[in-house]
Amino acid sequence: MSESQDLNSAPDPIERLNRMFAAIGGWSFDHRWIVLATSLLLLLGALGVAGQVRVDNSFEAYFAAGDPAYQSYTEYRDLFGSDEISYILYSAPEAEHGIFDAKVMGQILELTTALEDEVPFIYQVRTLTNAELIEGVEDGIEIRKLDDAWPVEQAELLEWRDRFLSKPYIVNGVLSPDAQYGAIVIEMDRSSTDPLDEIRLDPEGGDGLANLYPQVTDHKIDEILARPEFEGIAFEHSGDVPLNAIYNTIITEESTLLQSITALVIGLMLLAFFRNFVSAIGPVIIVQLTVILCVAIIALLGWKLDMSFGSVPTLLSAIGVAQSVHILSEFRARWPALGDRRAALVETLYLVGAPCLLTSVTTAAGFASMSFVPIKAIARSGIYTSLGVLAAFALTMTLLVVILSFGRDEPSEKVASRAKRQAKGSAAFHAALHKIADFTIRRRLPILAGFAAAILVSVVGMGQIVVDSNWLDDLSDRIPLKAKTRHVDEVMGGLANLIYLFDTGEPDGVKNPEVLREIERLQIRANQEDWIVVKTYSLVDILKDLNQSFHGGDPAFYTLPDSRELIAQYLLLYETSGGEEAERYVSPDYSSTNLEARVRLVMTSDMVVLTEALDAELAERPVEHSELSMTGIGALWLELLDYIVSSQSQGVLLAFSAIALLMCLIFQSVKTGLISMVPNLTPVFLTLGAMGFLGIPLDYNKLFVATIAIGIAVDDTIHLVSRYHHEFKRVGRYEEALRVAMVDVGRALVITSVTLVLGFSVLLFSLMASRAVFGILLSSTIVIALIADFLLMPALILTFKPFGPESARGERPENESTELAAA
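Note that the structure is predicted; figures quoted are calculated from it, not measured.

A. Just the overall build of the protein chain, in detail. If you tally the helices and strands in the protein chain, you get 28 helices and 12 strands. Judged by the C-alpha coordinates and their principal axes, the protein chain covers about 110 × 55 × 45 Å. Counting all 823 residues of the protein chain, 58% fall into the buried class. Put simply, of all contacts in the protein chain between residues at least 6 apart along the chain, 80% involve residues at least 24 apart. When the accessible surface of the protein chain is totalled, it reaches about 31900 Å², and 58% of it is carbon and sulfur. Across the protein chain, the mean location of the 61 positive side-chain charges is 16 Å away from that of the 103 negative side-chain charges.

Structural data, given as structure tokens:
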């Protein structure tokens with residue numbers, strides 16, 4: 001029987017794919033140097049392109065340009081500038097008068113000057129030394145600053161402390177209520193997403209992190225704080241700049257580190273299983289090239305590396321090696337049996353090429369389903385990860401074959417004997433697989449009942465899942481900045497914000513008393529939520545202070561002026577007296593103003609409670625004299641929460657639909673396709689149920705655990721069902737086919753599952769706590785998926801018999817593999 005005749009007489013698409021991959025294996029063997037040269041050129045080109053990729057850890061990475069919430073945020077930034085800050089909390093526990101000790105205040109004055117003069121990319125530095133104290137004088141007001149009056153005696157400095165504490169807009173801003181802590185707020189004139197030429201420190205210094213904002217800004221601030229002239233002051237540096245800097249470092253450096261650890265772990269594992277250096281190093285080469293290609297794809301698409309990329313190298317490494325294991329396992333069995341390296345590679349690809357293609361396509365489909373969600377970073381990661389999966393497959397089918405093609409053509413008797421033992425496992429391993437198959441045959445109904453009960457229980461747990469997040473919880477406790485940030489939030493609070501933008505639509509519209517009263521009303525209501533709101537800022541604060549100052553500091557006059565004319569006079573006098581603080585809250589033409597609520601670092605669900613309380617106030621007494629919109633980082637977090645709720649179900653539905661359709665097409669049977677999906681949904685249900693019972697919140701980091709799990713878990717199912725189907729057509733009986741298929745691919749399934757679990761477990765070393773949890777969840781899902789493939793899937797096939805009726809003998813001739821090798 002010739003190969004062409006067999007192709008023409010076999011309508012089975014799987015058989016056609018098998019023959020195609022056999023041909024690919026033969027071609028790759030015969031043209032190995034062309035494949036190697038092409039791979040080398042691909043590597044060099046990918047390295048050149050990948051070197052141009054940028055890093056983006058900002059919120060802009062999660063929102064599309066046309067997103068309404070993001071548009072509102074950008075409009076706010078266009079009016080009021082960058083909202084990124086560095087926040088330095090300081091204390092002087094050893095000084096007699098704490099931070100108001102004359103020596104300490106002198107150091108803060110010197111520090112403020114150093115920060116203003118030396119730190120790149122800053123807009124202004126706000127400290128106690130330059131805080132505005134508005135005081136009434138005979139002919140108007142005077143705006144006093146401590147640095148203008150310096151030096152002062154200790155007694156006078158304590159009087160300044162009392163004045164500061166009497167100003168509500170200073171307390172909890174740059175001074176704690178007990179005056180034990182002060183703060184230095186460094187406002188930036190750059191954003192992490194600005195064009196490269198605007199955030200590059202040295203125009204000729206290249207585009208490495210060490211020459212870009214915020215890294216250079218963060219490093220300079222820390223270098224200044226560590227100088228000996230500021231000894232005796234305890235500093236805790238937090239805020240957007242150091243947090244963005246540490247995220248940048250994690251994205252660039254940790255991804256490389258985790259990828260290296262993954263490669264080492266996988267290499268050692270393959271060496272332990274196959275006892276062959278080429279079998280260990282070949283797959284590692286494949287996945288390293290795949291990751292480089294993935295980064296190059298990101299650069300070619302004009303995208304940036306963001307937090308969603310962090311676990312992608314580990315995912316691709318684990319998935320890529322899992323494909324290689326099936327080839328290695330089959331090749332190590334076929335080579336000693338056939339005694340010919342080329343024939344063994346051809347038959348190997350005949351047997352596992354099609355299943356590897358199908359697993360790659362279904363896994364890629366699982367990732368690609370993420371591209372339809374509204375969270376930009378996750379949608380993009382779905383695209384480039386799916387392309388990476390397909391690239392790994394293409395390299396495995398060609399480059400890995402070439403790597404295995406080198407060596408003696410015929411194995412020695414000793415090598416052949418060892419290879420046979422290692423290829424499919426020991427006799428004990430075979431016996432264990434036989435026992436699993438026999439157990440499933442005897443106990444299929446209890447198995448089905450047990451899994452059904454587990455799924456029902458997991459559904460209850462899924463109902464308890466809470467959608468919530470806190471970006472600080474993403475960081476591992478091993479990062480000192482996390483503890484510093486928590487302490488800053490406990491002492492001074494307000495590292496997050498919620499901003500309401502009031503747009504009157506006309507110049508000087510903000511000077512309307514009705515507009516200001518509406519702002520004041522919302523501000524008073526926000527301050528009542530003091531369990532979360534630490535402080536609010538608005539133009540209203542400055543106008544109240546001006547009014548009080550004009551009335552001799554009488555607290556009774558800490559109110560808004562009654563008339564538009566008086567408001568205009570106050571603001572004009574404030575500006576001519578050198579006041580600058582109002583610029584933070586009002587647009588240059590006084591058409592727009594903002595109310596900023598500084599809130600504690602709480603869960604996003606707590607922010608929802610706050611906004612609902614404020615929304616209720618606005619519903620009861622609507623704003624009538626301006627257009628009101630909510631923006632700021634807090635608002636973006638709330639929008640992200642809504643996206644998570646909608647994207648979770650959408651992603652799972654898309655992944656399930658796409659993969660189920662592919663499974664039905666693969667096996668040319670709706671019945672077989674749907675049956676094979678059950679073992680892949682089971683681990684997803686159980687993992688999500690465990691999340692609900694354990695109180696693990698669903699956030700943007702864990703959003704697509706289910707989607708990814710479906711795409712990965714289906715791989716083993718395809719290999720086992722494909723082999724089961726192949727053996728059924730050969731022997732014609734379900735039970736016998738199961739025993740043969742289980743022994744043939746069982747060891748490979750165990751190795752691939754161990755590979756995936758070990759690969760995902762590397763994420764436990766991450767400095768991102770969220771990634772570590774992600775790794776644990778995926779590893780658990782893979783273990784459950786293997787159990788489901790070994791027990792539930794065979795039980796379903798034995799019960800529903802989707803391959804058709806049994807027969808006395810199968811359709812495949814016994815000498816098929818010999819004819820194929822000869823072809």
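There's plenty left to go through after this.
B. Up close: the sheet that holds strand 11 (residues 592-599). In space, the four strands of this open sheet follow the order 10-11-9-12, with antiparallel pairing throughout. Unpaired on one side and paired on the other, strand 10 (533-537) and strand 12 (627-631) mark the two borders of the sheet. Direction aside, the axes of adjacent strands within the sheet are offset by 20° on average. Bridging between strand 9 (residues 496-503) and strand 12 involves five bridges; their strand directions are antiparallel. The residue of strand 12 that forms the bridge with I499 is T631.

C. Focus on helix 27 (residues 769-800). With 32 residues, helix 27 should reach 46 Å at 1.5 Å per residue; the first-to-last C-alpha distance of 44 Å fits that figure. Along its length, helix 27 shows its largest kink, about 40°, at A788. Following helix 27 by one or two positions, K801 adopts a phi angle in the positive range, close to 45°.

D. How the structure looks around the nonpolar core. Grouped together as the largest cluster of nonpolar side chains are 246 residues, with contacts concentrated most on F100, L115 and L128. Discounting residues that sit within four places of it in the chain, L128 has contacts with Y90, I99, F100, M105, L146, F164, I170, V174 and L175.

E. Here's a closer look at a negative patch on the surface. Residues E75, D78, D503 and E627 make up a contiguous surface patch of negative charge. Considering the arrangement of structural elements, one finds E627 in strand 12.

F. Representation of unusual backbone geometry in the model. Residues W150 and P151 are joined by a peptide bond in cis, for which omega reads 5°. Inspection of the secondary structure puts P151 in the loop between helix 6 (146-149) and helix 7 (154-165). A cis amide bond, omega 5°, links Y213 with the succeeding residue P214. The residue P214 is located in the loop between helix 8 (196-199) and helix 9 (215-225) in this model. The phi torsion at R275 lies on the positive side, around 50°, for a residue other than glycine. With respect to the helices, strands and loops of the structure, R275 is situated in the loop between helix 10 (240-274) and helix 11 (277-300). Residue R275 is classed as exposed on the basis of its relative accessible area, which comes to 58%. A positive phi is found at K801, a non-glycine position, where the angle reads about 45°.

Criteria and cut-off values
Residues numbered from 1 in each chain as written. Predicted model: local features only at pLDDT ≥ 70, side-chain atom pairs only at ≥ 80, totals over all residues. Heavy atoms only, no water. Helix = DSSP H or I, 4+ residues; strand = E, 2+ residues; numbered from the N terminus. Buried < 20%, exposed > 50% of the residue type's maximum accessible area, 1.4 Å probe, protein only. Contact = heavy atoms within 4.5 Å. Areas by Shrake-Rupley, 256 points an atom, 1.4 Å probe, with all protein chains shown as cover. Lys, Arg positive; Asp, Glu negative; His and termini not counted. Charge placed at Lys NZ, Arg CZ, Asp CG, Glu CD. Pairing = 2+ DSSP bridges. Axes fitted to C-alpha atoms, helices over the stretch in contact; angles between N-to-C directions. Expected span 1.5 Å × (residues − 1). Bend = angle between axes of the 7 residues up to and from the residue. Core = buried A, V, L, I, M, F, W, Y, C linked by side-chain atoms within 4.5 Å. Patch = residues over 30% accessible without salt bridge, like charges linked within 9 Å, V, L, I, M, F, W, Y side chains within 5 Å. Salt bridge = Lys/Arg side-chain N within 4 Å of Asp/Glu carboxyl O.

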